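# Fold and geometry: a report
Spelled out from the first residue to the last, the chains are:
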Amino acid sequence: MNQSRKINSALISVYYKDNLEPIIKKLNELDVTIYSTGGTQSFIENLGVAVKSVEGLTSFPEILGGRVKTLHPKIFGGILGRRELDSDVAQMEKHDIPNIDLVIVDLYPFEETLASGASESEIIEKIDIGGISLIRAAAKNFKDVIIVSSRNDYSALQTLLNEKNGSSDISDRKHFAAKAFAMSSHYDTAIFNYFNQTEQIPVLKNSIAQANTLRYGENPHQQGVFYGNLEAMFDKLNGKELSYNNLLDVDAAVNLIADFKTEPTFAILKHNNACGVASRPKLIDAWKDALAGDPVSAFGGILITNTNIDAETASEINKLFCEVVIAPGYDSIALETLKSKPNRIILVQKQVELPKKQIRTLLNGVIEQDKDLVVEIESNLTPVTKEKPTASQINDLLFANKLVKHTKSNTIVLAKNNQLLASGTGQTSRVDALKQAITKALSFGFDLKGAVMASDAFFPFADCVEIAHKAGIDTVIQPGGSIKDKDSIEYCDANGMSMVFTGTRHFKH
């Protein structure tokens, strides 16, 4: 059944009045009776449009500093009354309750007030009571009532009013109702999460209002959607839309570069792992040495730096096919050069606070954990061997340990002079990861003499330090904590190697 409904009356009470004027004028043109309160009523009156006050309908004034305005049976009865139910119709006639066919109500800006750093009392006052109740009531009675709960839906309402001359179908009303419940649940989630910062009730609630439909998911036969505000994170200056796999790599790149805050650093990532990283006083040198780490895997990779890209560096980057380039900024000539490839995605990374929790679907639920935000510094290192690392070796150890944290486990990272030489990634044994890293480094012509080795977890046996030593590596960083740590320490002492423990494991799965 079509169940068309004509709009004869409307309740309008909104915080945001942007783009409301055309709707008011259209409703007036359609001879719709309008009820309103406070500032919205004044706004409508200033447009020269007739409006009835809610106080006049309820014969009850606003009280408690405006906390109670619309919470009255004559308002909620007009919204919730079922037009097809004779008993409802009779009761409404008995109590002189008019039907309300359209409700335009938004909510106090709770999230905006919270983000502004306002006081607790100011935040609490922005918890909407009347508005949320009106929205839920109108959405519940979608068979008879249209609910518009956000200024983002004004355009859709305007189109409906114009195209259907003030009428609506059941499908129209149900669509607006669904959007209203999405709005109300999002609002309540934000309030709960505010309170739960201190109360720590073991309940997971998460709501993200923005959605970006992707071309597909990880593979073409899978659908994909990104929920979040990418525009708050990046300015996109060029290229196609980011894909599901692009987003995974971009996320890995952003997390990695966040740990490099001083010297200009360039990183190249492929399938969420770094295949080239280098820190240098000049960005052009950081780029060249990052690329040297694995020029084969760099093809089609994701590039990221913590420094504005200049023309010289852009010219070198442009010689490589890459999917995405991310930087805090670009010189004008650099940007022009990089834009020469129309599909290349060029992003300016903004300073945005990232979540400190990680959530992942698992089995028939989800798991949540604190994000690994630990970045070791020299004072976190405990030398455990007779030989102690030099200052330059400590610098390399800390560099390698940052990389090992952002590489799939099991992993081993080999580095020298603030350059990634190679890594063994995602192996089922640490020995295999080390052998992979050594083979890869040698294949690109690196001399491992003087290189350092970092491990994401402890060595259960002495085999890894032995293999590393025979390859020319003489300095090691690892978490420690194995019941057989002594075996690795004794091998290092017997062969003039230095090793430090961090006490922190950096598994990444």
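What comes next concerns the included structure. (Residues numbered from 1 in each chain as written. Predicted model: local features only at pLDDT ≥ 70, side-chain atom pairs only at ≥ 80, totals over all residues. Heavy atoms only, no water.)

With parallel pairing, the 5 strands of this open sheet are ordered in space as E4-E3-E2-E5-E6. Looking at the sheet topology across the chains shown, the edges are occupied by strand E4 (52-53) and strand E6 (146-148). Bridge count for strand E5 (residues 102-105) against E6 is 3 bridges, and the pairing is parallel. Bridge pairing in E6 places Leu102 opposite Ile146. (Pairing = 2+ DSSP bridges. Helix = DSSP H or I, 4+ residues; strand = E, 2+ residues; numbered from the N terminus.)

On to the sheet that holds strand E15 (residues 345-349), then. Strand order in the open sheet made by the 6 strands is E10-E15-E14-E13-E11-E12, with mixed pairing throughout. At either margin of the open sheet sits one strand with a lone partner, and together these are strand E10 (234-238) and strand E12 (273-279). The sheet shows a mean angle of 20° between the axes of neighbouring strands, direction not considered. Pairing geometry for strand E13 (residues 301-305) and strand E14 (residues 322-327), over 4 bridges, is parallel. Within E14, the position partnered with Ile302 by the bridge is Val324. Along the sheet, helix H12 (residues 244-257) contacts E10, strand E11 (265-270), E12, E13, E14 and E15; its crossing angle with E13, the most-contacted strand, is approximately 30°. Sheet strands touched by helix H13 (residues 283-292): E11, E12 and E13. Its angle to E11, the strand with the most contacts, is close to 30°. (Axes fitted to C-alpha atoms, helices over the stretch in contact; angles between N-to-C directions. Contact = heavy atoms within 4.5 Å.)

What follows covers H12. Residues lying three or four places apart along an α-helix face the same way, a consequence of the helix completing one turn every 3.6 residues. In this model H12 runs 20 Å from its N-terminal to its C-terminal C-alpha over 14 residues, within 8% of the 20 Å that 1.5 Å per residue would give. Among the 14 residues that make up H12, 10 are buried, leaving the element largely enclosed by the rest of the structure. Residues Asn246, Leu247, Asp249, Val250, Ala252, Ala253, Val254, Asn255, Leu256 and Ile257 constitute the buried set of H12. (Expected span 1.5 Å × (residues − 1). Buried < 20%, exposed > 50% of the residue type's maximum accessible area, 1.4 Å probe, protein only.)

As for its placement among the helices and strands, Glu21 is situated in helix H1 (residues 21-29). The spatial distance from the C-alpha of Glu21 to the C-alpha of Leu47 is 7.7 Å, given a sequence separation of 26 residues. Apart from residues lying up to four places away in sequence, Glu21 is in contact with Phe43 and Leu47. At 2.7 Å, the side chain of Glu21 forms a polar contact with the side chain of Lys25. (Polar contact = N/O pair within 3.5 Å; in protein donor to acceptor, adjacent residues only side chain to side chain.)

Attention now moves to the pairing of E13. Taking burial as the measure, the 5 residues of E13 include 5 buried ones, the bulk of the element. Of the two faces of E13, the one holding Gly301, Leu303 and Thr305 and the one holding Ile302 and Ile304 are both buried throughout. Pairing of E11 with E13, which is carried by 4 bridges, proceeds in the antiparallel orientation. Paired with Leu269 across the strands is Ile302, a residue of E13. With respect to chirality, the unit in which E13 leads through helix H14 (residues 311-317) into the neighbouring parallel E14 is right-handed. (Right-handed = clockwise from strand over helix to strand, strands pointing away.)

This part takes up the packing of helix H4 (residues 73-80) against helix H8 (residues 130-140). Closest axis-to-axis distance for the H4/H8 pair is 8 Å, and the angle between their directions is 30°. Here H8 runs roughly parallel to H4, going by the angle between their axes. Taking contact as the criterion, the partners of Ile75, Phe76, Ile79 and Leu80 in H4 are, on H8, Ser133, Leu134, Ala137, Ala138 and Lys140. For the contact of H4 with H8, a count of residues per class yields 7 nonpolar, 1 polar and 1 charged. (Parallel < 35°, antiparallel > 145°, perpendicular 65-115°, else oblique. Nonpolar A, V, L, I, M, F, W, Y, C, P; charged D, E, K, R; others polar.)

Everything listed is a geometric property; what it means functionally is a separate question.
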